[in-house]
Amino acid sequence: MPVGSVLDLVVAFPSGPLLAQAASASDLLAARNQMALSLGWHIVLASFGVAFPTIIFAMHVRGIRGDDDALVLARRWSKVAGVLFAVGAVSGTILSFEMGMLWPGLMGPFGDVIGLPFALEGVAFFLEAIFLGIYLYGWDRLPPRVHVAALVPVMVAGVAGTFFILSVNSWMNTPTGFTMVDGVPTDVDPLAAMLNPALLTSFPHMLLAAYMVVGFSVAGVYATGWLRGRHDRLHHLGIVVPLLFAAVVSLAQPLVGHMAGQRIADEQPIKLAAIEGLPETTEGAALTIGGVWDGTEVRGGVEVPNLLSLLATNSLDGEVVGLDAVPVDEQPPVNVVRFSFMAMVGIGTALALLSTLVLVLLGRRRRLGDHRWLLGAVVVSGPAAVVALETGWITTEVGRQPWIVQGLVRTEDAVTTASWIWLSYGILASVYGLMTLATVLVLRSMSRRWRRGESPSAPYGPAEPLGSREQVGA
């Protein structure tokens, strides 16, 4: 709205309901933006907390079996994991406060319903922190097998924490475990709430996405070094091992995504209608690739007859619910949901194709370093996986709107009435900007020291000058 129009409203309605509605909408926008910033920023760090320990574990096990270069990488990566965990702990703490401060209409009435997974996630976090500390300080101090075993609780706690947090988000999409009586949840069953229907697909979908983000990102860092002429064995391992993790899960992700889509068709049909831009409930619905929603239909897309029905219902003539099934004020913003979904699927497909090629080349014992264009694709794959992760969450969260709890509580009814939301949003954006800058500077400083040769040798074997490492092909 132009500034002049806003001023006209203030003059004409200095204390009227229209101005109050505008202020309320503004506060809701600030709360949504603040939550989106926090979640979008934290989810990347959370991915490293989930997947990175497993990749480090694989490298460390390889190291104690006689590969000193693998041990050097495991030690380096453990330092990176420590930095990212510390920063993620800050953003995770901020998120825990935001849930109660920004959305009292959710946490107030439903705190007893979803409190259990929040509490269990806290336990998982502390276990992860304790054993990560043991692992970090165990270098040169613990026997090899005891030392690497300290990573096992870190891996388990990271996966468990993801499970518990995803159960809360899944519950918001498929609320269970209580009975509503006069607008108040009663007969609360926290276990049933935690094990809600959406969790069956959302948890593995996020778990695989975390391995894709971390695997492609780490491999991309070492692929960049290789393209700049660092053809040593450290870079060879740094490319191949994380890339193998990412490649395998990338091929499994489409299957899980298909299962998630069928779950959405059954339990959140309006979200699917927004994803596909389906205006009316249709039997034998076509899948429309591309195009723009103009308010009534998708224009400019390419239709594949009956494919949407087949994917959603396993039948060419199956019925798919359209946007006309609910009033306009209960429909999500179609273009936002649709574009984010298309970005996620498009990137995921490209990464699956890259993964297939990588696995074929490695299976034939071909050197990845002989294909500079392939290493260039690996470099791009890390940021691409992050974009796919973010757009996937946009699809999930925006596709549920206008509900914060599907079918029960609207987002606008759950937001706080406090007047400080824009201020806190600005402060939060500044804090995240500073944390991002500090993290980048610390990691770059560590990387420069390692390139200069300031790296500890294998902790369980004789010292070896870094410059003597064998030059190999990736």
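Residues numbered from 1 in each chain as written. Predicted model: local features only at pLDDT ≥ 70, side-chain atom pairs only at ≥ 80, totals over all residues. Heavy atoms only, no water.

Next up on the list: the overall build of the chain. In terms of regular secondary structure, the chain is built from 15 helices and ten strands. Among the 474 residues that make up the chain, the fraction classed as buried is 46%. Contacts in the chain between residues at least 24 apart in sequence constitute 78% of all its contacts with a sequence separation of at least 6. Accessible area for the chain stands at about 22,100 Å²; split by element, carbon and sulfur atoms hold 66% of it. (Helix = DSSP H or I, 4+ residues; strand = E, 2+ residues; numbered from the N terminus. Buried < 20%, exposed > 50% of the residue type's maximum accessible area, 1.4 Å probe, protein only. Contact = heavy atoms within 4.5 Å. Areas by Shrake-Rupley, 256 points an atom, 1.4 Å probe, with all protein chains shown as cover.)

Our next topic: the nonpolar core. Judged by nonpolar contacts, the single largest core of 75 residues is most densely connected at Phe52 and Trp77. Here the element with the most residues in this core is helix H8 (residues 199-227); it accounts for 17 residues. For Trp77, the residues in contact, after removing those within four places along its chain, are Phe52, Ile55, Ile56, Met59, Val218, Tyr222, Gly238 and Pro242. (Core = buried A, V, L, I, M, F, W, Y, C linked by side-chain atoms within 4.5 Å.)

Enumeration over the complete set of coordinates arrives at 14 aromatic pairs. Ring geometry for Tyr211 against Phe245: centres 6.3 Å apart, planes inclined by 15 degrees, an arrangement best described as stacked. Of this pair, Tyr211 sits in helix H8 while Phe245 is found in helix H9 (residues 233-267), placing the two residues 34 residues apart along the sequence. On the basis of relative accessible area, Phe245 is assigned to the partly exposed category, the value being 23%. Residue placement shows Arg410 over the ring face of Trp403; its charged tip is 5.2 Å from the ring centre. (Phe/Tyr/Trp six-rings, centres within 6.5 Å; stacked < 30°, edge-to-face > 60°. Lys NZ or Arg CZ within 6 Å of the ring centre and 35° of its normal.)

Right, let's get into the confidence of the model for the chain. For the chain, per-residue confidence averages 84 on the pLDDT scale, and residues scoring 70 or more make up 90% of the total. Low pLDDT (under 50) marks residues 1-23, which in the prediction has eight contacts with non-local residues, meaning those over four places away or in another chain. Of the regions scoring below 50 in pLDDT, residues 461-469 engages in 13 contacts with residues more than four places distant in sequence or in other chains. (pLDDT = per-residue confidence, 0-100.)

Our next topic: the pattern of salt bridges. Pairing of side chains with opposite charge becomes possible as their charged atoms draw close. If you walk through the whole model with that rule in mind, you get nine salt bridges. Linking Arg233 and Asp69 is a salt bridge whose minimum nitrogen-to-oxygen distance equals 3.3 Å. Within this pair, whereas Arg233 is found in helix H9, its partner Asp69 is found in helix H3 (residues 68-102), the two being separated by 164 residues in sequence. Judged by relative accessible area, Arg233 falls into the buried class, the value being 18%. Using a relative accessible area of 10% as the deciding quantity, one classes Asp69 as buried. Salt bridges linked by common partners bring Arg62, Asp67, Asp69 and Arg233 together as one network. (Salt bridge = Lys/Arg side-chain N within 4 Å of Asp/Glu carboxyl O.)

What follows concerns the packing of H8 against H9. Packing of H8 against H9 brings their axes to within 7 Å, and their N-to-C directions diverge by 155 degrees. Our classification of the angle between H8 and H9 gives roughly antiparallel. Handedness of the H8/H9 crossing: left-handed. Among the residues forming the contact of H8 with H9, the class breakdown is 22 nonpolar, ten polar and one charged. (Axes fitted to C-alpha atoms, helices over the stretch in contact; angles between N-to-C directions. Parallel < 35°, antiparallel > 145°, perpendicular 65-115°, else oblique. Left-handed = near helix turned anticlockwise from the far one by under 90°. Nonpolar A, V, L, I, M, F, W, Y, C, P; charged D, E, K, R; others polar.)

Attention now moves to the packing of helix H10 (residues 269-276) against helix H12 (residues 334-363). As a packed pair, H10 and H12 sit with axes 7 Å apart at the nearest point and diverge in direction by 75 degrees. Relative to H12, the element H10 lies roughly perpendicular. On the side of H10, the interface is formed by Ala274, Ile275 and Glu276, while H12 contributes Val334, Val337, Arg338 and Phe341. For the contact of H10 with H12, a count of residues per class yields five nonpolar, no polar and two charged.

Right, let's talk about the environment of Arg372 for a bit. Tracing the sequence through the fold places Arg372 in helix H13 (residues 372-398). Residue Arg372 is classed as exposed on the basis of its relative accessible area, which comes to 51%. For the pair Arg372 and Leu227, spaced 145 residues apart in sequence, the C-alpha to C-alpha distance is 7.2 Å.

So, about H12. One full turn of an α-helix is made of 3.6 residues, so residues set three or four places apart face in the same direction. For H12, built from 30 residues, the straight-helix expectation of 44 Å at 1.5 Å per residue is met to within 8% by its first-to-last C-alpha distance of 43 Å. Looking at H12, one finds that the buried residues are Val334, Val337, Arg338, Ser340, Met344, Ile347, Leu351, Ala352, Leu354, Ser355, Val358 and Leu361. Phi for Arg365, located one or two positions after H12, is positive at around 60 degrees. (Expected span 1.5 Å × (residues − 1).)

This brings us to the side chain of Gln253. Tracing the chain through its elements places Gln253 in helix H9. Non-local contacts of Gln253, meaning those with residues more than four positions away in its chain, are made with His205, Leu208, Ala209 and Met212.

This part is about the environment of Ser355. Within the secondary structure, Ser355 is located in helix H12. Along the backbone, Ser355 and Phe216 are 139 residues apart, and their C-alpha atoms lie at a distance of 9.9 Å. Setting aside residues no more than four positions away along its own chain, Ser355 makes contact with Phe216, Ala246, Ala247, Ser250 and Leu251.

Examined against the element boundaries, Thr313 turns out to sit in helix H11 (residues 307-313). Sequence separation of Thr313 and Gly261 is 52 residues, and the distance between their C-alpha atoms is 9.8 Å. Ignoring any residue separated from it by four or fewer positions in sequence, one finds Thr313 in contact with Gln262, Gly318 and Glu319. Among the polar contacts listed, one links the side chain of Thr313 to the backbone oxygen of Ser309, at a separation of 2.6 Å. (Polar contact = N/O pair within 3.5 Å; in protein donor to acceptor, adjacent residues only side chain to side chain.)

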